[in-house]
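Structural overview for review
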Amino acid sequence: MSLKKNFQFKDRLIKGIHTEGAFKISVVKTTDVVQTAQNNHKLSLLNTVLLGKALTASMLLASELKGEERIKMRFEGNGPVGMITAEANRAGEVRGYVRNPSAEMDYSQDVSIGDGLGLGLLTVSKTLYNEAEPKTSTIQLVNGDINSDVAHFMAQSEQVLSATLLDVALHDDGSVKEAGGVLIQRLPDAEEEVMEKLQQTVKELPPVADLLSQGDYIDDIMERASAPYIVKELDRQPVDFFCRCSPKRFKNALSMLSYEDLKDMEGESQEIVCHYCGNSLTIPKDEIHELAESARAKLN
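The model shown is predicted, which means the values in this text are computed figures rather than measured ones.

Okay, the overall build of the protein chain next. Within the protein chain one finds ten helices and 13 strands. For the protein chain, the C-alpha radius of gyration of 21 Å lies close to 19 Å, the compact-globule estimate for 300 residues. By principal-axis analysis of the C-alpha atoms, the protein chain measures approximately 70 × 50 × 45 Å. Every one of the 300 residues in the protein chain was classed for burial, and the buried ones make up 50%.

Here it is in structure tokens:
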């Protein structure tokens, strides 16, 4: 693919609205995001698909936020994956991780991808402007396949008629072929039959990864998912796997430890690994000593 084509088809989110105000729609391409997550966390194929869908869902839901408001989704179950966490903000920054990145299943048995998470809970937290505490909702997982769980969350906690489509496709070598998703939400006072027709349209739509593979971009997918209705574009933005971890944040986290804990760390450097992005940072022993001395001073 040429540099121009590569730039044109980068991961992005597009947001649109029905010209007569019946619904809004967001479509996102997350291929590079999911590939970065797979690389950073050394994910199994199972986890690549599940975390990829969770990252895609979090970005779609974040499209309803403002500025740097953010949404965090935690899927926790009794399956081998254990827990999946995905977080995104309106600025297009997405990150996430899984508890057991190498987890797989025995596909010779009668299992589905949802068995990777199994029975459990989905907790969604929104950090909003002018809100002292995050707004949190928790529901039971429906199938553990991410797609139906997000749809159930929209119906139960958000109480919004919606249509959701999340997709991650892999190459034969396990790398990410394409990833993306669609979210359509009914607007207040809109007729229910409009949403019911759109839900059927989305249900019959080819997988998003297939559409991306054949050259359709987010604009084309938005038009197809909205048919037969007309939508106009409201906004579009780049999307990236991005984590704001930094040496300063790592040191701030260490400074919260007690003097006794910091004293035990003295004499050697400490390596800290970020759960979200997999990056590691070494804090030199002289900086550990400074933190310990600062904590001791607070005791006096």
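Turning to the sheet that holds strand S2 (residues 23–29), a few remarks are in order. One open sheet holds the five strands; their spatial order is S8-S9-S2-S1-S10, and the pairing between them is antiparallel. Sheet topology places strand S8 (162–170) and strand S10 (231–238) at the edges, where each strand pairs with a single neighbour. Each strand axis lies, on average, 10° off the axis of its neighbour in the sheet, ignoring direction. Pairing between strand S1 (residues 12–18) and S10: seven bridges, direction antiparallel. Of the residues in S10, the one forming a bridge with Ile 17 is Lys 232.

With respect to the element layout, Arg 236 can be found in strand S10. Residue classification places Arg 236 among the partly exposed residues on the basis of a relative accessible area of 31%. Distance in space between the C-alpha atoms of Arg 236 and Ile 14 is 4.3 Å, their sequence separation being 222 residues. If we skip the residues at most four places from it in the chain, Arg 236 touches Leu 13, Ile 14, Tyr 217, Ile 218 and Asp 219. Among the polar contacts made by the side chain of Arg 236, one reaches the side chain of Asp 219 at a distance of 2.3 Å. Side chain to side chain, Arg 236 and Glu 233 meet in a polar contact 3.0 Å long.

On to the pairing of strand S3 (residues 70–77). The alternating pattern of S3 places Ile 71, Met 73, Phe 75 and Gly 77 on a buried face, while none of Arg 70, Lys 72, Arg 74 and Glu 76, on the opposite face, is buried. When S3 meets strand S4 (residues 83–89), the two strands line up antiparallel, connected through seven bridges. When the sheet's bridge partners are listed, Met 73 is paired in S4 with Ala 86. Connecting S3 to the next strand, S4, in antiparallel fashion are five residues, including Gly 82 with a positive phi near 85°. Note that S3 and strand S6 (residues 120–127) share eight bridges and pair antiparallel. Bridge pairing links Glu 76 to Leu 121 in S6.

Our focus in this paragraph is the sheet that holds strand S11 (residues 240–241). One open sheet holds the six strands; their spatial order is S7-S6-S3-S4-S5-S11, and the pairing between them is mixed. This sheet does not close on itself; its edge strands, each paired only once, are strand S7 (135–140) and S11. Examined bridge by bridge, strand S5 (residues 93–98) and S11 share two bridges and lie parallel to one another. Counterpart to Glu 93 in the pairing with S11 is Asp 240. Sheet contacts for helix H4 (residues 147–156): S3, S6 and S7; angle to S7, the most-contacted strand, approximately 120°.

This structure, assessed with the given rule, holds 15 salt bridges. The salt bridge involving Glu 68 is made with Arg 244; its shortest N-O contact spans 3.2 Å. Pair noted here: Glu 68 is in the loop between helix H3 (45–62) and S3 and Arg 244 is in the loop between S11 and helix H8 (247–254), with a separation of 176 residues, a long-range link. Its relative accessible area of 45% is what places Glu 68 among the partly exposed residues. Residue Arg 244 is classed as partly exposed on the basis of its relative accessible area, which comes to 32%.

The next point concerns the side chain of Gln 185. You can see Gln 185 is positioned in strand S9 (residues 176–186). What Gln 185 contacts, discounting residues up to four positions off in sequence, is Ala 22, Phe 23, Lys 24, Glu 64, Met 154, Val 160, Leu 161, Ser 162 and Met 195.

How each quantity is defined
Residues numbered from 1 in each chain as written. Predicted model: local features only at pLDDT ≥ 70, side-chain atom pairs only at ≥ 80, totals over all residues. Heavy atoms only, no water. Helix = DSSP H or I, 4+ residues; strand = E, 2+ residues; numbered from the N terminus. Rg over C-alpha atoms; globule rule 2.2 N^0.38 Å. Buried < 20%, exposed > 50% of the residue type's maximum accessible area, 1.4 Å probe, protein only. Pairing = 2+ DSSP bridges. Axes fitted to C-alpha atoms, helices over the stretch in contact; angles between N-to-C directions. Contact = heavy atoms within 4.5 Å. Polar contact = N/O pair within 3.5 Å; in protein donor to acceptor, adjacent residues only side chain to side chain. Salt bridge = Lys/Arg side-chain N within 4 Å of Asp/Glu carboxyl O.

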